[in-house]
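Residues per chain, in single letters:
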Amino acid sequence: MTLITPMDWSPIWISLETSLAATLITLAAGLAAAAWRERRAGPAMALVDGLFLLPLVLPPTVVGFFLLLLFGRHGPLGKLLLRLGATVVFSWPATVIAAAVVSFPLMYLTARAALEQVDLRYLEAARTLGASEWRVFREVALPLAWPGVLAGTILSFARAFGEFGATLMLAGNIPGKTATIPIAIYFAVEADDIRRAVAWCLIDVAISLALLGGLYYWAHAPGPGRARLERR
Amino acid sequence: MALEIQIAKKLPDFTLDVSFATGDDPLAILGPSGSGKTMLLRCVAGLERPDRGRIALHDRTLTDTERRIHIPARHRRVGLLFQHYALFPHRTVAENIAFGLRHLAGEERAHRLALLMERMHLTGLERRYPRELSGGEQQRVALARALSIEPEALLLDEPLSALDTHLRSRVEAQLQETFAGYRRPALLVTHNIEEAYRLGRELLVLSRGRVAAFGPKEEIFRRPPTVEVARLTGCKNFSRARMISENLAEAVDWGCQLRVAQALPRPAVQVGIRAHHIDFVESSPGAAPEDNVFPCWLVRSSETPFRITLYLHLHRPPGASSEAHLQAEVFKEKWQRFRERPLPWHVRLSPESLFLLPE
């Protein structure tokens, strides 16, 4: 039966593009948040931590629902974007936003742990040598924290690639636009198209293994990746 | 003066509260671990803020809590050599040193880098990573890096403590060479008495955050102002003392009267003598009391490769639980000459070597 309908391969590209874009956003935002948070202390920071980690704890559907409220026609951000002539909900950017928000806590946590591990004396030495705080971060803290940051990036990518609940709430299932592999699987099962569901599952497993294996190899193989890890 | 420091900062166990000024000669800061030495350097470097006080370098105010001035570390041009060097592990030797040369144009930067490498005898090691260097090389890289910013003051935190003994004297010579060509204020923190003496021109003794002594090193070693300073500068023998007449003191703990070269009017004093100043003399029954010669018995001894420390009991043989009165240090060659002689031996506590100290 399914042999009659031709296979639509777009979910593969949508998933990859979404995860990649979300990981880049998460990397920048997670690093910035971790660097910002590392210099601060106090009871108010517990609240900030809680807020940053919320997407990890909440069910993705709840995260998606909040995002929907935020970006919807009557939401504060949605209204603002509407004035600029853009709608986010049910568009490709929505899949990116959903994936970035749910993967953010993983990046934030690992980046913070990695930055905290960096010996303060290196940063202080850089300061006495005339480096600005940006240079201290960019040229000393970040390279030394790099193995941890890399691990956080891999985790974030993996989480973004598997994202389903929040994406469905915010981006829906628009074939060729917002239908990622997990969403394609869900709707294949719902349509009782088991063969298609199984095919997508196998594709998902294959891509995940290839990506993670490749990343692992890159991080541990001899060559630039390895040198970067060992220089610590 | 070139570098003026007057700061107070509360630390967990005591308050660092120091005030001194130094010129363009290296100043050694001697103190036991946890006396506030490192914190003092960190305040000068701008890595810590004192609670109150002022730091000025060549008429440039670096810190002034009253006027709310705190120049950040990166604008101070104060070179800091960290105790374990803190070389950037992810950068090569050349990249480490060039880190402080960023503001220069390409050609000038390369020139200055080459100059520093040559001056610190590092040429050829440009592409090595810190973990591939010996301790002495690491120290030279750290020194070159600290000098790269042409600092107006140089701070060294235990520069030799991370090195093996056989490397120390060589690295120390290198440091002396650097100081000779530097001619700007340099603070050198150490807990090693000999290092402090050899590398510093002047000496500051720090104890629990306070300046216990400050001045020319020869003066402090010859006449420590207090018992504490005497102890911190390596004096091992002390006895409570009482002045009997102008130059006769009674050493209570040593049970004898001593002729002394200096008089001290205070009633409560201590008398002290350094372990290597104790003289061993032929027994002479006719010696006059003012010679400060006393019979002594050996309680125990402890050897180092070239010297021996003898723990001595004065006046009569030690009982089962007697403690030694004095601790004398002599070269082994000298000890060979009298070790076979029957006890008691005789020690002379020369009046010139004795110092009288206020409590």
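Residues numbered from 1 in each chain as written. Chains lettered and ligands numbered in written order. Predicted model: local features only at pLDDT ≥ 70, side-chain atom pairs only at ≥ 80, totals over all residues.

### Observations regarding the overall build of chain B
Inclusion rule: Here a strand is any run of E in DSSP of at least two residues, a helix any run of H or I of at least four, and the numbering for each starts at the N terminus. Distance between backbone-placed C-beta atoms decides contact: two residues are in contact if it is within 7 Å.
Looking only at helices and strands, chain B has nine helices and 21 strands in total. Seen through its principal axes, chain B has C-alpha atoms that stretch 80 × 50 × 35 Å. Taking all contacts inside chain B whose residues are at least 6 apart in sequence as the whole, residues at least 24 apart take part in 63%.

### Describing the overall build of chain A
We count it as follows: Residue burial is a threshold on neighbouring C-beta atoms within 10 Å of the residue's own C-beta, all placed from the backbone, with 20 or more meaning buried, 12 or fewer meaning exposed, and counts in between meaning partly exposed.
When helices and strands are tallied, chain A shows eleven helices and zero strands. In chain A, the succession of helices and strands from N to C terminus is α-α-α-α-α-α-α-α-α-α-α. Once the C-alpha set of chain A is aligned to its principal axes, its extents read approximately 70 × 50 × 30 Å. Per-residue burial over chain A gives 37% buried out of 232 residues.

### Quick notes on the sheet that holds strand S19 (residues 326–331) of chain B
Residues and elements named next belong to chain B. We count it as follows: Between any two strands, pairing holds if DSSP finds at least two bridges. Between N-to-C directions, angles span 0 to 180 degrees; the directions come from axes that are lines fitted to C-alpha atoms, helices contributing only their stretch in contact.
Pairing within the open sheet is antiparallel, and its five strands lie in the order S16-S20-S17-S18-S19. Single-partner strands in this sheet number two, and they are strand S16 (279–281) and S19. Adjacent strand axes in the sheet meet at a mean angle of 50°, parallel and antiparallel pairs treated alike. Where S16 and strand S20 (residues 345–348) come together, three bridges link them in antiparallel fashion.

### Here we look at the interface of chain B and chain A
What counts is decided by this rule: Three residue categories are used. Nonpolar comprises Ala, Val, Leu, Ile, Met, Phe, Trp, Tyr, Cys and Pro, charged comprises Asp, Glu, Lys and Arg, and polar comprises the others, including Gly.
Facing the 17 residues of chain B at the interface are 16 residues of chain A. By residue number, the principal contributor to the side of chain B that touches chain A is strand S7 (residues 78–81) of chain B, which donates three residues. Classifying every residue of the side of chain B that touches chain A gives twelve nonpolar, three polar and two charged.

### Here we look at the pairing of S7 of chain B
Residue and element names in this part refer to chain B. Side chains Val-78 and Leu-80 of S7 all project onto a buried face; the interleaved residues Gly-79 and Leu-81 project onto the opposite face, where all are buried too. Sheet topology note: the S7/strand S8 (residues 153–157) ladder contains four bridges and is parallel. What sits directly across from Leu-81, in S8, is Leu-156.

### Thoughts on the sheet that holds strand S12 (residues 237–245) of chain B
In a beta sheet, neighbouring strands pair by backbone hydrogen bonds and run either parallel or antiparallel. All names here are of chain B. Taken in spatial order, the five strands of this open sheet run S14-S13-S12-S15-S21, and their pairing is antiparallel. The sheet is open, and its two borders are formed by strand S14 (256–259) and strand S21 (355–358), each paired with just one other strand. Shown here is a sheet whose adjacent strand axes are inclined to one another by a mean of 40°, direction ignored. Where strand S13 (residues 248–251) meets S14, four bridges bridge the pair, whose relative direction is antiparallel. The partner of Ala-249 across the bridge, within S14, is Leu-258.

### A short note on the environment of Gln-257 of chain B
Among the structural elements, Gln-257 of chain B can be located in strand S14. Since 17 C-beta atoms lie within 10 Å of it, Gln-257 of chain B is described here as partly exposed.

### Topic: the domain arrangement of chain B
Which entries qualify depends on this criterion: Residue ranges assigned to each domain were obtained from an automatic or database domain assignment.
Considered domain by domain, chain B is made up of domain 1 (3–223) and domain 2 (237–358). Between the C-alpha centres of domain 1 of chain B and domain 2 of chain B there is a distance of 40 Å.

### Considerations on the nonpolar core
Under the convention used in this document: Put simply, a nonpolar core is a cluster of buried Ala, Val, Leu, Ile, Met, Phe, Trp, Tyr and Cys residues tied together by C-beta atoms within 7 Å.
Ranked by internal contacts, the top residues of the largest apolar core, which has 147 residues, are Leu-67, Ala-98 and Leu-170 of chain A together with Ile-29, Val-44, Leu-155 and Val-205 of chain B. No other element matches the 15 residues that helix H5 (residues 92–117) of chain A contributes to this core. Two domains share this core, each providing at least three of its residues, namely domain 1 (3–223) and domain 2 (237–358) of chain B.

### Re the confidence of the model for chain B
The line we're drawing: The pLDDT value tells you how sure the predictor is about a given residue, anywhere from 0 up to 100.
Averaged over every residue, the pLDDT of chain B is 87; the share at 70 or more is 96%. If you check the scores for this complex, the pTM reads 0.82 and the ipTM reads 0.82.

### Thoughts on the packing of helix H9 (residues 181–190) of chain A against helix H10 (residues 194–220) of chain A
Residue and element names in this part refer to chain A. We apply this condition: Under this scheme an angle from 65 to 115 degrees is roughly perpendicular, one under 35 degrees roughly parallel, and one over 145 degrees roughly antiparallel; angles in between are oblique. Crossing handedness is read from the near helix: turned anticlockwise from the far helix by less than a right angle, it gives a left-handed crossing, and turned clockwise, a right-handed one.
Where H9 contacts H10, the axes come no closer than 8 Å and their chain directions differ by 160°. The angle between H9 and H10 falls in the class roughly antiparallel. As for the relative orientation of H9 and H10, their crossing is left-handed in sense. Every residue of H10 that contacts H9 at Ile-181, Ala-184, Ile-185, Ala-188 and Val-189 is listed here: Arg-196, Ala-197, Trp-200, Cys-201, Ile-203 and Asp-204. Counted by class, the contact of H9 with H10 contains nine nonpolar, no polar and two charged residues.

### Notes on the pairing of strand S9 (residues 186–190) of chain B
All names here are of chain B. For clarity, the threshold we go by: Crossover handedness is defined here as right-handed if the route from the first strand over the helix to the second strand goes clockwise, with the strands pointing away from the viewer.
Across the five residues that make up S9, a large majority, five, are buried. Neither face of S9 is open: one carries Ala-186, Leu-188 and Thr-190, the other Leu-187 and Val-189, and all of them are buried. Sheet topology places S8 next to S9; four bridges connect them, and they run parallel. Among the inter-strand pairings, Leu-155 is bridged to a residue of S9, identified as Leu-187. The parallel pair S8 and S9 is bridged by helix H5 (residues 165–182), and the resulting crossover is right-handed.

### What to know about the packing of helix H6 (residues 120–128) of chain A against helix H7 (residues 133–161) of chain A
Residues and elements named next belong to chain A. Relative to each other, H6 and H7 sit at 160°, their axes nearing to 10 Å. Relative to H7, the element H6 lies roughly antiparallel. Crossing angle aside, the handedness with which H6 passes H7 is right-handed. Together, Tyr-122, Leu-123, Ala-126 and Arg-127 of H6 and Val-136, Val-140, Ala-141 and Leu-144 of H7 make up the contact between the two elements.

### Some details on the environment of Met-243 of chain B
With respect to the element layout, Met-243 of chain B can be found in strand S12. The sequence separation of Met-243 of chain B and Thr-304 of chain B amounts to 61 residues, and the corresponding C-alpha distance is 37 Å.

### Observations concerning H9 of chain A
Three- or four-residue spacings in an α-helix give side chains the same orientation, since the helix completes a turn every 3.6 residues. All names here are of chain A. Among the residues of H9, Ile-181, Pro-182, Ile-183, Ala-184 and Ile-185 are the ones counted as buried. Contact partners of the buried residues in H9: helix H1 (10–38), helix H8 (165–171) and H10. Backbone geometry just after H9 places Asp-192 at a positive phi near 65°.

### Some thoughts on unusual backbone geometry
Residues and elements named next belong to chain B. The phi angle at Glu-150 is positive, at roughly 45°, despite the residue not being glycine. Topologically, Glu-150 is positioned in the loop between helix H4 (135–148) and S8. Look at Arg-208: it is not a glycine, yet its phi comes out positive at around 45°. Tracing the backbone shows Arg-208 in the loop between strand S10 (202–207) and strand S11 (210–216). With 17 C-beta atoms counted inside 10 Å, the residue Arg-208 sits in the partly exposed group.

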